[in-house]
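Here is how the chains run, residue by residue.
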Amino acid sequence: MKKERKGLLKVVFALEYMMQGLANPWQGVTYQPIFRIFKGFGLEEGAIQGLHSKSYLAWAFKPVLGFLIDAYGRTKTILILLLSMSVLGFLLTPMLDASAMILFWFLFGLSIVLAATDVAVDRASVIAGDEESKASGRSKSTTVGLNQAICWASIYGTSIIAASFGGYIADHFKFGNLMVVLAAVPAVLLAVVLMLPHDKAAPIPLKQSVMGFWNGLNSGPILGVMLFYFLFHFQPALGAIWNNHLLEDLKFSQTQVGISDGITNAGLFVGVLLFAWKGVKWQDRIGLRSIFRIYIVSSIALSLGAYLLLDPYFSDITKGLHQLLPFASEGAVRLGFLAGYNFLLAIGAALIRMSTFSLVGSIIPVAAAGSLFAGFMSVANFAYSCSYGTGGWLYEHGLKLGFLSKFQQGFFGIAPGEYLSLNMLILIGSIAYLLSFVCVHLLPDRKQTKGDVDMTGPEKWLVLPAAWRRITNAATLAGGAVLFAVTVFLWKMNPISAILISFFGFTMLRKFALDRMLRSVKV
């Protein structure tokens, strides 16, 4: 990799994630303004939480986008097209904010375009990481992890500013005017992309790209790691409900919440730097499997810490701090405690999150880097969507589950009200991390983390009788179709979520069945 191209590519990595941290709908500087504008449309926090959960599904298209990008292969050309569409999308937003649903679906479409730019850059980060690994002798998990560290240091660094001013902007500026200003962000990235060297990658047939994804998906531990990835990222989340708690219960202004969010992102930024400094070494030293066992327990502890931001604990702590710091106003102490807690929590959260990207980078083949990296991200985003959706559902309907109502009253002493308490939601979200232990044993061990994981593909199943394979494939298709129908028509789930559940669920069962048959044949 030429030094000049390598340096410019790193700049593109940073600017792409700067765009995601600053301008992506429902994140960064837009989060608080979107919360406010949908409140202005008359939506309650639970309904806004539901839209927030659906917004993550825009990123569920990333594997399909990955097929196309892997097939075309020309990063520069793809980014020029997508960034031009992004600029136009931001400029058109003020014309489409007449109603909640029109605005939501337009922002959903804009998010799909931004997700496509993300796929292109993530694909480039894996390919560049593979080249750097071969040239330097370092593990692929390290080189890809460091490339992702550039990306996420950029998004978190940008988000410090974005989140800090998001609340103020929500209080003082029209949403449409904000989006017009944000059009400058993809425009700056577009200008840098135009300076990249000409693409040399030759397009490949789409069928070959899809087969590359399928073969990669069935290679080594990928499906098992995907299951872990979903479970690790799934915990009933609070989102807009927590935002409403800060505003209504703790009486912070949106500007103050924005400042706290900015300091949270400063903690995330520090966590990324800690990962680049020490985290990659810890991974190689003890292996990804062992380090995630530590991270699961740590995540439970970090999640339970949210009780410190509930009353009476929050008021008792801040009153005590105010007595120790009489020179500071009570409001400054309250905001300082909120921001300080979030800062420390975010350092640990970022360190853990960065290791998940190293985990992905260590096992996916370069031939399907775009689609498989996107596949992992779609699994994570689906988990986030499920998390916010589950959190919103539990908040509104959890008390209808008698055992939760009794537990809430018996353990926390909180009488049943209109909604499930935040105390219960925090506890449920923390306990959910334990599900990750079900498949943590499927992660790369120390030896596999430092080198290449065995990527033996689906050709290993060719030794099985053809009839067995045909029956298994037919059963997989039939089962997936039935599950899709059940989730859409009976459970009323949206089609995107239904496709993800059906495809990854039955693909995983198919691999399990074929591997079981293979072991019986070898025995």
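Residues numbered from 1 in each chain as written. Predicted model: local features only at pLDDT ≥ 70, side-chain atom pairs only at ≥ 80, totals over all residues. Heavy atoms only, no water.

Draft legend 1. Representation of the overall build of the protein in the model. The helix and strand tally for the protein stands at 22 helices and zero strands. Taking 24 Å as the expected radius of gyration for a compact globule of 523 residues, we find that the protein reaches 23 Å, a close match to that expectation. Principal-axis analysis of the C-alpha atoms gives the protein an extent of 75 × 55 × 50 Å. Counting all 523 residues of the protein, 54% fall into the buried class. In the protein, the share of contacts with a sequence separation of at least 24, taken over all contacts with a separation of at least 6, comes to 83%. (Helix = DSSP H or I, 4+ residues; strand = E, 2+ residues; numbered from the N terminus. Rg over C-alpha atoms; globule rule 2.2 N^0.38 Å. Buried < 20%, exposed > 50% of the residue type's maximum accessible area, 1.4 Å probe, protein only. Contact = heavy atoms within 4.5 Å.)

Draft legend 2. Broad picture of the state of the cysteines. For the coordinates displayed, the defined rule picks out zero disulfides. We note that Cys-386 lacks a disulfide partner, and the nearest cysteine sulfur, in Cys-439, lies 15 Å from it. Relative accessible area serves as the criterion here: at 2%, Cys-439 is assigned to the buried category. (Disulfide = S-S within 2.5 Å.)

Draft legend 3. Local environment of empty space enclosed by the protein. If you walk through the whole model with that rule in mind, you get three cavities of 30 Å³ or more. The calculated volume of the second largest cavity comes to roughly 50 Å³. What lines the second largest cavity is Asn-24, Pro-25, Trp-26, Gln-27, His-52, Ser-55, Tyr-56, Trp-59 and Ser-111. Considered class by class, the residues forming the lining of the second largest cavity number four nonpolar, five polar and no charged. (1 Å grid on protein atoms, 1.4 Å probe; cavity = no way out; pocket = protein on both sides within 12 Å on 5 of 7 lines; lining within 4 Å. Points joined across faces, edges and corners; volume = space filled by probe spheres on them. Nonpolar A, V, L, I, M, F, W, Y, C, P; charged D, E, K, R; others polar.)

Draft legend 4. Looking closely at the environment of Gly-167. Structurally, the position occupied by Gly-167 is in helix α7 (residues 140-172). C-alpha separation for the pair Gly-167 and Asn-494, spaced 327 residues apart in sequence, amounts to 31 Å. With near-sequence residues (within four places) excluded, Gly-167 lies in contact with Gln-32, Gln-254, Thr-255 and Gly-258.

Draft legend 5. Seen up close, the pattern of salt bridges. Counted according to the given criterion, the structure contains seven salt bridges. Here Asp-118 and Lys-62 are joined by a salt bridge, their closest N and O atoms 2.7 Å apart. Taken together, the residues Asp-118 in helix α6 (residues 100-136) and Lys-62 in helix α4 (residues 62-72) connect sequence positions 56 residues apart. Accessibility assignment for this pair places Asp-118 and Lys-62 in one class, buried. Of the charged contacts in the structure, one is a salt bridge between Asp-130 and Lys-134, with a shortest N-O distance of 3.2 Å. Pair noted here: Asp-130 and Lys-134 are both in helix α6, with a separation of four residues, about one helical turn. Overall, Lys-134 belongs to the exposed group, its relative accessible area being 66%. (Salt bridge = Lys/Arg side-chain N within 4 Å of Asp/Glu carboxyl O.)

Draft legend 6. Seen up close, the side chain of Lys-10. For Lys-10, the location among the structural elements is in helix α1 (residues 3-23). Judged by its relative accessible area of 19%, Lys-10 falls in the buried class. A polar side-chain atom of Lys-10 sits 2.4 Å from a polar atom in the side chain of Asn-147. With sequence-adjacent residues up to four places away left out, Lys-10 is seen in contact with Glu-132, Asn-147 and Ile-150. (Polar contact = N/O pair within 3.5 Å; in protein donor to acceptor, adjacent residues only side chain to side chain.)

Draft legend 7. Region of the structure containing the confidence of the model for the protein. Here the protein averages 88 in pLDDT, and 98% of its residues register 70 or above. Looking at the elements of the protein, mean pLDDT is at its lowest for helix α3 (residues 45-55), recorded as 80, and at its highest for helix α14 (residues 288-304), recorded as 95. (pLDDT = per-residue confidence, 0-100.)

Draft legend 8. Focus on the nonpolar core. In this structure, Phe-38, Trp-152, Phe-228, Trp-242, Phe-292, Ile-364 and Phe-376 are the most contacted members of the largest nonpolar core, which totals 139 residues. Per-element tally for this core: the top contributor is α6, with 16 residues. In contact with Phe-38, not counting residues within four places along its chain, are Trp-26, Leu-43, Ile-48, Leu-51, Ala-100, Leu-103 and Phe-104. (Core = buried A, V, L, I, M, F, W, Y, C linked by side-chain atoms within 4.5 Å.)

Draft legend 9. Region of interest: a nonpolar patch on the surface. On the surface, Val-64, Leu-68, Leu-206 and Val-210 cluster together into a nonpolar patch covering about 320 Å² of accessible area. Contributions of two or more residues to the nonpolar patch are made by α4 and α10 (206-217). Tracing the backbone through its elements, the reader meets Leu-68 in helix α4. Overall, the relative accessible area of 47% leaves Leu-68 in the partly exposed class. (Patch = residues over 30% accessible without salt bridge, like charges linked within 9 Å, V, L, I, M, F, W, Y side chains within 5 Å. Areas by Shrake-Rupley, 256 points an atom, 1.4 Å probe, with all protein chains shown as cover.)

Draft legend 10. Highlighting a negative patch on the surface. A cluster of acidic residues, Glu-248, Asp-249, Asp-311 and Asp-316, forms a negative patch on the protein surface. With respect to the element layout, Asp-249 can be found in helix α12 (residues 240-249). (Lys, Arg positive; Asp, Glu negative; His and termini not counted. Charge placed at Lys NZ, Arg CZ, Asp CG, Glu CD.)

Draft legend 11. Just the side chain of Arg-334, in detail. Residue position: Arg-334 is located in helix α16 (residues 330-363). No salt bridge is formed by the buried Arg-334; its nearest oppositely charged neighbour, Glu-330, is found at 5.4 Å. Beyond its immediate stretch of four places on either side in the chain, Arg-334 contacts Leu-250, Lys-251, Phe-252, Phe-314 and Thr-318.

Draft legend 12. Geometry of the packing of α3 against α6. α6 packs onto α3 with a crossing angle of 25° between their chain directions and a minimal axis gap of 10 Å. It follows that α3 is roughly parallel to α6 by the angle criterion. For the crossing formed where α3 meets α6, the hand is right-handed. Across from Leu-51, Lys-54 and Ser-55 in α3, the residues of α6 making contact are Met-101, Phe-104 and Phe-108. Classifying every residue of the contact of α3 with α6 gives four nonpolar, one polar and one charged. (Axes fitted to C-alpha atoms, helices over the stretch in contact; angles between N-to-C directions. Parallel < 35°, antiparallel > 145°, perpendicular 65-115°, else oblique. Left-handed = near helix turned anticlockwise from the far one by under 90°.)

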